[in-house]
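# Notes for the structure review
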Amino acid sequence: MLDMPNIRDTLAAEYDLAPNPDLAAKMQDEYARMARVVSPADWAIHAPYVAAINALKRDRDATILAHNYMTPEIFHGISDVVGDSLQLAIEATRTDAQVIVQCGVHFMAETSKILNPSKTVLMPDMEAGCSLAESITPAGIAEMRARFPGAPVVTYVNTTAEVKAASDICCTSANAVQIIRALDAETIIMTPDQYLAQNVAAQVPEKRIVWWEGSCIVHEQYTAQDIRDFRDWNPGTRIIAHPECPPDVVAEADFSGSTKGILDYVSAERPERAMLVTECSMASNISDAHPDVEFIGPCNMCPYMKKITLEKVLWSLHSMTTEITVPEDVADKARLAVQRMIDLGAKG
Ligand code: 13P
Ligand code: SF4
């Protein structure tokens, strides 16, 4: 666990981090990307951190990969690459920087390390986990293989390196249907997200898909009744759900896709009003680029994603901690599963 009082004292001695309206006013280009969702007073608090992180990033030859669920000040203020899990995994293979700071959750940092064993991959808070990653171990994969002999195992990237290493191929919510369709097998095991598996099964009825019983604590909270009520109360709202939601929720939505799929849909359709049935920061992060769209609806936050803050990113770069390590034999096997996914996806 991070010793925040101590970290705060150390950072305050090294950097000028007091709220600074003058600096905030000078950093209008950065602010313009989040002005709809971050108040000027909050920007005066964030700006000194954003300035310090961006300067330190250059000194350390670091790049920041940020998931779409990061807070707007991280997403717009300090990131070099933003995207869904698939985009971040692919970008991790392309960076020239020597250091990768992962603004997301632990499995994303592990994936970056697996794909870049020679680079330093830093995680600002090692407690940024994931309920899906915690739901399964290699023993669970072995159990599924014993129950369905010969069936290939398709594992969501939201898993540990050990679980990936025990699997045949990975998938993300952006490419799961494509991966399942491409596999030459009648029965396919999908782990660990039962709802993603069920949503894929609905789109690929020619395959028998069996699944592990994991779920995402953010997306499992939505119910089909919530969506029906919301539609009744807000007629004309476009409802867009992530495929980690239960299938009856997805069935009530107008569109379902990965976080990149959601962004692409909003950009193409430009609905007057939209409800994003996913983590809360997603709507905040795309809000300024879509001023004509009104985003409404509940705000379900991922407590793991929200562990990443500007303060912890600054500490991570300052102290070069915490470095992600993956044992070589595990990384080699996990890399096969992740690379198979990337290669298969590239075939289109
Ligand atoms: P995508 O960004 O790949 O859609 O995944 C969502 C998610 O829950 C990541 O933790
Ligand atoms: Fe895991 Fe769900 Fe949080 Fe994504 S949103 S990190 S799947 S718990």
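Since we're looking at a predicted model, the values are computed, not measured.

## Quick notes on the pattern of salt bridges
Pairing between side chains of opposite charge can happen when the charged atoms of each approach one another. For the coordinates displayed, the defined rule picks out 14 salt bridges. The partner of Lys-306 in a salt bridge is Glu-279, with the nearest N and O atoms 3.0 Å apart. Placement of Lys-306 in the loop between β12 (294–295) and α17 (310–319) and of Glu-279 in the loop between β11 (273–277) and α16 (281–287) is noted, with a sequence separation of 27 residues between them. Judged by its relative accessible area of 2%, Glu-279 is buried.

## Description of the pairing of strand β5 (residues 153–156)
Because side chains alternate across β5, one face comprises the buried residues Val-153 and Thr-155, and the other comprises Val-154 and Tyr-156, equally buried. Pairing between β5 and strand β7 (residues 187–191): 3 bridges, direction parallel. The partner of Val-153 across the bridge, within β7, is Ile-189. Sheet analysis places β5 next to strand β6 (residues 169–171), joined by 3 bridges and oriented parallel. Note that in β6 the partner of Tyr-156 across the bridge is Cys-171.

## As for the nonpolar core
If you look at the biggest cluster of nonpolar residues, it comprises 101 residues, and the most contacted ones within it are Trp-43, Val-154, Met-190, Val-200, Leu-276, Leu-314 and Met-341. Contacts of Leu-276, omitting those with residues within four sequence positions, involve Tyr-222, Ile-240, Ile-262, Val-266, Met-282, Ala-283, Ile-286, Phe-295 and Ile-296. Residues Tyr-222, Phe-230, Ala-253 and Ile-296 belong to the second largest nonpolar core, which totals 12 residues.

## Quick look at the sheet that holds strand β1 (residues 62–67)
Within the open sheet, the 4 strands sit side by side as β2-β1-β3-β4. Their pairing is parallel. Two strands bound the open sheet, and with one partner strand each, they are β2 (81–83) and β4 (120–122). Strand-to-strand twist of the sheet, defined as the mean angle between neighbouring strand axes without regard to direction, takes the value 20 degrees. Each of β1, β2 and β3 (99–103) is contacted by helix α6 (residues 85–94), which is oriented at about 150 degrees to β2, the strand it contacts most. Against the sheet, helix α7 (residues 106–115) contacts β1, β3 and β4, and its axis sits at roughly 155 degrees relative to β3.

## Here we look at the packing of helix α4 (residues 40–60) against α17
Taken N-terminus to C-terminus, the directions of α4 and α17 make an angle of 25 degrees; their axes are 10 Å apart at the nearest point. In terms of their interaxial angle, α4 and α17 are classed as roughly parallel. Of the two possible hands of crossing, α4 and α17 adopt the one that is left-handed. For the pair α4 and α17, the contacting residues are His-46, Tyr-49, Val-50, Ala-52, Ile-53, Leu-56, Lys-57 and Arg-60 in the first and Leu-310, Glu-311, Val-313, Leu-314, Leu-317 and His-318 in the second. Per-class residue counts for the contact of α4 with α17 are 9 nonpolar, 2 polar and 3 charged.

## Remarks on the site of ligand 1
In the vicinity of ligand 1, 13 residues are found, and the nearest of them are His-67, Ser-85, Ser-173, His-242 and Thr-259. Residue His-67 places a side-chain N or O atom 2.6 Å away from an oxygen atom belonging to ligand 1. Between ligand 1 and Ser-85 there is a distance of 2.8 Å, counted from an oxygen atom to a side-chain nitrogen or oxygen. Here ligand 1 has 300 Å² of accessible area as a free molecule, and 96% of this is covered by the chains. With respect to the detected pockets, ligand 1 is housed in the largest cavity.

## Some words on the packing of aromatic side chains
Taken as a whole and judged by the stated rule, the model has 2 aromatic pairs. The interplanar angle of 10 degrees and the centroid separation of 4.4 Å between the aromatic rings of Phe-255 and Tyr-265 together place this pair among those described as stacked. Here Tyr-265 lies in helix α15 (residues 259–269) and Phe-255 lies in strand β10 (residues 255–256), a separation of 10 residues in the sequence.

## Regarding the environment of Val-163
Inspection of the secondary structure puts Val-163 in helix α10 (residues 161–165). For Val-163, a relative accessible area of 0% gives the class buried. Expressed as a C-alpha distance, the spacing of Val-163 and Pro-138, which sit 25 residues apart in the sequence, is 4.9 Å. Sequence-distant contacts of Val-163, defined by excluding residues within four places in its chain, comprise Ile-136, Thr-137, Pro-138, Ile-141 and Thr-155.

About the cut-offs
- Residues numbered from 1 in each chain as written.
- Chains lettered and ligands numbered in written order.
- Predicted model: local features only at pLDDT ≥ 70, side-chain atom pairs only at ≥ 80, totals over all residues.
- Heavy atoms only, no water.
- Salt bridge = Lys/Arg side-chain N within 4 Å of Asp/Glu carboxyl O.
- Helix = DSSP H or I, 4+ residues; strand = E, 2+ residues; numbered from the N terminus.
- Buried < 20%, exposed > 50% of the residue type's maximum accessible area, 1.4 Å probe, protein only.
- Pairing = 2+ DSSP bridges.
- Core = buried A, V, L, I, M, F, W, Y, C linked by side-chain atoms within 4.5 Å.
- Contact = heavy atoms within 4.5 Å.
- Axes fitted to C-alpha atoms, helices over the stretch in contact; angles between N-to-C directions.
- Parallel < 35°, antiparallel > 145°, perpendicular 65-115°, else oblique.
- Left-handed = near helix turned anticlockwise from the far one by under 90°.
- Nonpolar A, V, L, I, M, F, W, Y, C, P; charged D, E, K, R; others polar.
- Near = heavy atom within 4 Å.
- Polar contact = N/O pair within 3.5 Å; in protein donor to acceptor, adjacent residues only side chain to side chain.
- Areas by Shrake-Rupley, 256 points an atom, 1.4 Å probe, with all protein chains shown as cover.
- 1 Å grid on protein atoms, 1.4 Å probe; cavity = no way out; pocket = protein on both sides within 12 Å on 5 of 7 lines; lining within 4 Å.
- Sits in = over half its atoms within 2 Å of the grid points.
- Phe/Tyr/Trp six-rings, centres within 6.5 Å; stacked < 30°, edge-to-face > 60°.

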